[in-house]
Amino acid sequence: QVQLVESGGGLVQAGGSLRLSCAASGRIFSINAMGWYRQAPGNERELVAVINSGGSTNYADSVKGRFTISRDNAKNTVYLQMNSLKPEDTAVYFCKVAVRPYAYWGQGTQVTVSS
C-alpha cells in the first residue's frame with residue numbers, strides 16, 4: 001500500500017505564490033508518473049501538470065508559464081510551484097502517483113485565491 005501526504009495549500013491574494021508538496025511512502029519500488037490535478041466546485045477534476053520518471057513535464061494550457069512541477073526521487077516527493085495565482089485557480093488540488101500497476105491519489109489540499 002502507498003500513502004500520499006499533501007501540504008502547502010492555503011489562502012493567497014491574486015498574484016501571489018504557493019508551493020504544494022506531495023510525499024509518497026509505503027511499499028514503493030519505483031514511481032512512474034507523478035502529477036497534480038484540481039477540482040473546483042461544480043467542475044470535473046482536471047489535469048494541472050504531470051512529470052514522468054525521466055523528468056519530462058506537461059501542463060494544462062491555463063497554467064503554462066505560471067506553474068512548475070518538479071520531483072525529488074530520493075524523497076518520493078512531487079512539488080507544484082504556483083506563481084501569479086488567479087482567482088480561477090481556486091480549487092482542491094490532488095496529487096496522483098503511479099506506482100506500477102496502480103495509481104494513488106492524495107487527500108487533496110485547498111487552494112483559495114482572493115481577488
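A brief report on the enclosed structure follows.

Rules and cut-offs
Residues numbered from 1 in each chain as written. Predicted model: local features only at pLDDT ≥ 70, side-chain atom pairs only at ≥ 80, totals over all residues. Heavy atoms only, no water. Phe/Tyr/Trp six-rings, centres within 6.5 Å; stacked < 30°, edge-to-face > 60°. Helix = DSSP H or I, 4+ residues; strand = E, 2+ residues; numbered from the N terminus. Buried < 20%, exposed > 50% of the residue type's maximum accessible area, 1.4 Å probe, protein only. Lys NZ or Arg CZ within 6 Å of the ring centre and 35° of its normal. Pairing = 2+ DSSP bridges. Axes fitted to C-alpha atoms, helices over the stretch in contact; angles between N-to-C directions. Core = buried A, V, L, I, M, F, W, Y, C linked by side-chain atoms within 4.5 Å. Contact = heavy atoms within 4.5 Å. Polar contact = N/O pair within 3.5 Å; in protein donor to acceptor, adjacent residues only side chain to side chain.

**Here's the deal with the packing of aromatic side chains**
Turning to step 1, where the next piece is worked out: One pass over the full model with this rule turns up 3 aromatic pairs.
Turning to step 2, where the next piece is worked out: Aromatic pair Tyr-37 and Trp-105: ring centres 5.0 Å apart, planes at 65°, arrangement edge-to-face. Of the two residues, Tyr-37 sits in strand 4 (residues 34-39) while Trp-105 sits in strand 10 (residues 102-105), which places them 68 residues apart along the sequence.
Turning to step 3, where the next piece is worked out: Residue Trp-105 is classed as partly exposed on the basis of its relative accessible area of 37%.
Turning to step 4, where the next piece is worked out: Plain terms: the ring middles of Phe-94 and Trp-105 are 6.5 Å apart, the flat faces sit at 85° to each other, and that makes the pair edge-to-face. Separated by 11 residues along the polypeptide, Phe-94 in strand 9 (residues 91-99) and Trp-105 in strand 10 bring together distant segments of the chain.
Turning to step 5, where the next piece is worked out: Three or more aromatic residues link up through ring pairs in this structure, and these residues are Tyr-37, Phe-94 and Trp-105.
Turning to step 6, where the next piece is worked out: In this arrangement the basic side chain of Arg-19 is found over the ring face of Tyr-79, its NZ or CZ atom lying 4.1 Å from the centre.
Turning to step 7, where the next piece is worked out: For the cation-ring pair, Arg-45 lies above Trp-105, with the distance from its terminal atom to the ring centre recorded as 4.6 Å.

**Section: the sheet that holds strand 3 (residues 18-26)**
Turning to step 1, where the next piece is worked out: A sheet is described by the order of its strands in space; here 4 strands give the open sequence 1-3-8-7, paired in antiparallel fashion. Because the sheet does not close on itself, it has two edges, and the strands there are strand 1 (2-7) and strand 7 (67-72). For this sheet, the mean angle separating the axes of adjacent strands, direction not counted, is 15°.
Turning to step 2, where the next piece is worked out: Pairing between strand 1 and strand 3: 6 bridges, direction antiparallel. Residue Val-2 lies in a different strand from strand 3, and its bridge partner there is Gly-26.

**Brief notes about the nonpolar core**
Turning to step 1, where the next piece is worked out: If you look at the biggest cluster of nonpolar residues, it comprises 31 residues, and the most contacted ones within it are Trp-36, Leu-80, Met-82 and Tyr-93.
Turning to step 2, where the next piece is worked out: Listing elements by their share of this core, those giving two or more residues are strand 1, strand 3, strand 4, strand 5 (46-51), strand 7, strand 8 (77-82), strand 9 and strand 11 (109-114).
Turning to step 3, where the next piece is worked out: It is strand 9 that provides the largest number of residues to this core, a total of 5 residues.
Turning to step 4, where the next piece is worked out: Excluding its chain neighbours within four sequence positions, the residues that come into contact with Leu-80 are Leu-18, Arg-19, Leu-20, Trp-36, Val-48, Ala-49, Phe-67, Thr-68, Ile-69 and Tyr-93.

**Side note on the environment of Arg-100**
Turning to step 1, where the next piece is worked out: The topology assignment puts Arg-100 in the loop between strand 9 and strand 10.
Turning to step 2, where the next piece is worked out: Sequence separation of Arg-100 and Ile-28 is 72 residues, and the distance between their C-alpha atoms is 9.3 Å.
Turning to step 3, where the next piece is worked out: Setting aside its immediate chain neighbours within four residues, Arg-100 contacts Ser-30 and Asn-32.

**Some thoughts on the environment of Arg-71**
Turning to step 1, where the next piece is worked out: Relative to the helices and strands, Arg-71 is located in strand 7.
Turning to step 2, where the next piece is worked out: Considered as a pair, Arg-71 and Glu-46 are 25 residues apart in the sequence and their alpha carbons are 20 Å apart.
Turning to step 3, where the next piece is worked out: Every residue in contact with Arg-71, bar those within four places of it in the chain, is listed here: Ile-31, Asn-32, Ala-33, Met-34, Ile-51, Asn-52, Ser-53, Thr-77 and Val-78.
Turning to step 4, where the next piece is worked out: A distance of 3.3 Å separates the side chain of Arg-71 from the backbone oxygen of Ile-31, its partner in a polar contact.
Turning to step 5, where the next piece is worked out: From its side chain, Arg-71 meets the backbone oxygen of Asn-32 in a polar contact 2.8 Å long.

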